[in-house]
Amino acid sequence: MIEFRSVSKRFPDGTLAVEDFSLVLPSRKTTVFVGSSGCGKTTLLRMINRMVEPSSGNVEIDGESVLDKNPVALRRSIGYVMQNSGLMPHFTVIDNVATVLRLTGTSKKDAHERARSLLDTVGLDRALADRYPSQLSGGQQQRVGVARGLAADPNILLMDEPFGAVDPIVRADLQQELIRLQVELDKTVVFVTHDIDEAFLLGDQVVILDKGARIVQVGSPSEIIENPADDFVSAFIGTERGKRALRIKQTSRGRVVVDSEGRTQGALLDEAAPNPSPSESVEGPGTQ
Ligand SMILES: Nc1ncnc2c1ncn2[C@@H]1O[C@H](COP(=O)(O)OP(=O)(O)OP(=O)(O)O)[C@@H](O)[C@H]1O
């Protein structure tokens, strides 16, 4: 478990990026920080692996302060995936993935072996191993970035807008891949995005942030959608528009659920119907 304890960060120019932030991020779950640009998401993420040092307060991992750990060793023990993949352009795919392992003393042969198996894990063809990042598509580069983040088999994976720079179809693909990976690998994932739909799709715990990383609401996607804390959250998550503003419409064959544009999203099933559980009585896209 990761715990932020009254953490603040003021940068040397006086910007107060994070003000008195406290939160527990449960192990083996995905916590998503979501909020608009500049609200302090990246700063929070980077204080976990000490790429940014808190001005006051503390971050603990399993009860131990990160400030008591060697920053280089700490950084190598935590996976980090960033927007635009952050790959080294003059390194091949396989070397990009294997670098962390090489730095921690793994032989070249073993590091490459593990890197190749990680390409399988993230759904990349091994034939791409000897290419350079510029010879890959944006989505493939992001997958290499994820493979690299997983190389040292970290318990914690930090992901900073990892799918922000790819087109919506590739992005949806990568999101599904991450959901699959999370079931398989069972990591503690901390994910940053400004996209509330992505937050609800991926997060077990979603943290909606305002300026200075002020927590506006924290909860599961269902808790937040069912009970938004205030008008800001309602507006941010769009409960009054689009695919989350659902209404029931009576048709000649039964009741269906339509969105705010009148588009039918799915059928409303009778509670007595045998298949779905009560919480799943609406079937169709865009439901939580
Ligand atoms: N090194 C720095 N020096 C000064 N101010 C900084 C520094 N890094 C970030 N900031 C400021 O701290 C605030 C929070 O930045 P941060 O990058 O954490 O926000 P964010 O929510 O991740 O934004 P985005 O979604 O745009 O990446 C912003 O006002 C930003 O300008």
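Model, not experiment: these values are computed from the prediction.

A few words now on the nonpolar core. If you look at the biggest cluster of nonpolar residues, it comprises 42 residues, and the most contacted ones within it are Met-159, Phe-191 and Ile-208. Considering every element that reaches this core, the biggest residue donor is helix 3 (residues 93-103), with five residues. When neighbours within four sequence positions are excluded, Phe-191 is seen to be in contact with Thr-30, Thr-31, Val-32, Phe-33, Met-159, Pro-162, Phe-163, Leu-178, Glu-198 and Leu-202.

Around the ligand sit Phe-11, Asp-13, Thr-15, Ala-17, Ser-36, Ser-37, Gly-38, Cys-39, Gly-40, Lys-41, Thr-42 and Thr-43, and those are all the residues in its vicinity. Ser-37 places a polar side-chain atom, nitrogen or oxygen, 2.6 Å from an oxygen atom of the ligand. Within the backbone of Gly-38, an N or O atom sits 2.8 Å from an oxygen atom of the ligand. Out of a free accessible area of 640 Å², the ligand has 62% covered by protein chains. With three residues, helix 1 (residues 41-48) is the largest single contributor of residues to the shell around the ligand. For the shell around the ligand, the class distribution of residues is three nonpolar, seven polar and two charged.

Moving on to the UniProt feature "domain: ABC transporter" (unreviewed entry) in the protein chain. Following the UniProt record, the feature "domain: ABC transporter" (unreviewed entry) maps to residues 2-237 here. Here residues 2-237 is 39% helix and 25% strand, with 26 Å between the C-alpha atoms at its ends.

This brings us to the sheet that holds strand 1 (residues 2-10). Strand pairing in a sheet is mediated by backbone hydrogen bonds. Such pairs are either parallel or antiparallel. Taken in spatial order, the four strands of this open sheet run 2-1-4-5, and their pairing is antiparallel. The open sheet is flanked by strand 2 (16-25) and strand 5 (64-65), the only strands paired with a single partner. Direction of pairing for strand 1 relative to strand 2: antiparallel, over a ladder of six bridges. Within the sheet, the bridge partner assigned to Phe-4 lies in strand 2 and is Leu-23. Sheet strands in contact with helix 1 are strand 1, strand 2 and strand 4 (56-61), and its direction is about 120° off that of strand 1.

Reading the values: the criteria
- Residues numbered from 1 in each chain as written.
- Predicted model: local features only at pLDDT ≥ 70, side-chain atom pairs only at ≥ 80, totals over all residues.
- Heavy atoms only, no water.
- Core = buried A, V, L, I, M, F, W, Y, C linked by side-chain atoms within 4.5 Å.
- Buried < 20%, exposed > 50% of the residue type's maximum accessible area, 1.4 Å probe, protein only.
- Helix = DSSP H or I, 4+ residues; strand = E, 2+ residues; numbered from the N terminus.
- Contact = heavy atoms within 4.5 Å.
- Near = heavy atom within 4 Å.
- Polar contact = N/O pair within 3.5 Å; in protein donor to acceptor, adjacent residues only side chain to side chain.
- Areas by Shrake-Rupley, 256 points an atom, 1.4 Å probe, with all protein chains shown as cover.
- Nonpolar A, V, L, I, M, F, W, Y, C, P; charged D, E, K, R; others polar.
- UniProt positions renumbered as here; feature names shortened; annotations may be inferred.
- Pairing = 2+ DSSP bridges.
- Axes fitted to C-alpha atoms, helices over the stretch in contact; angles between N-to-C directions.

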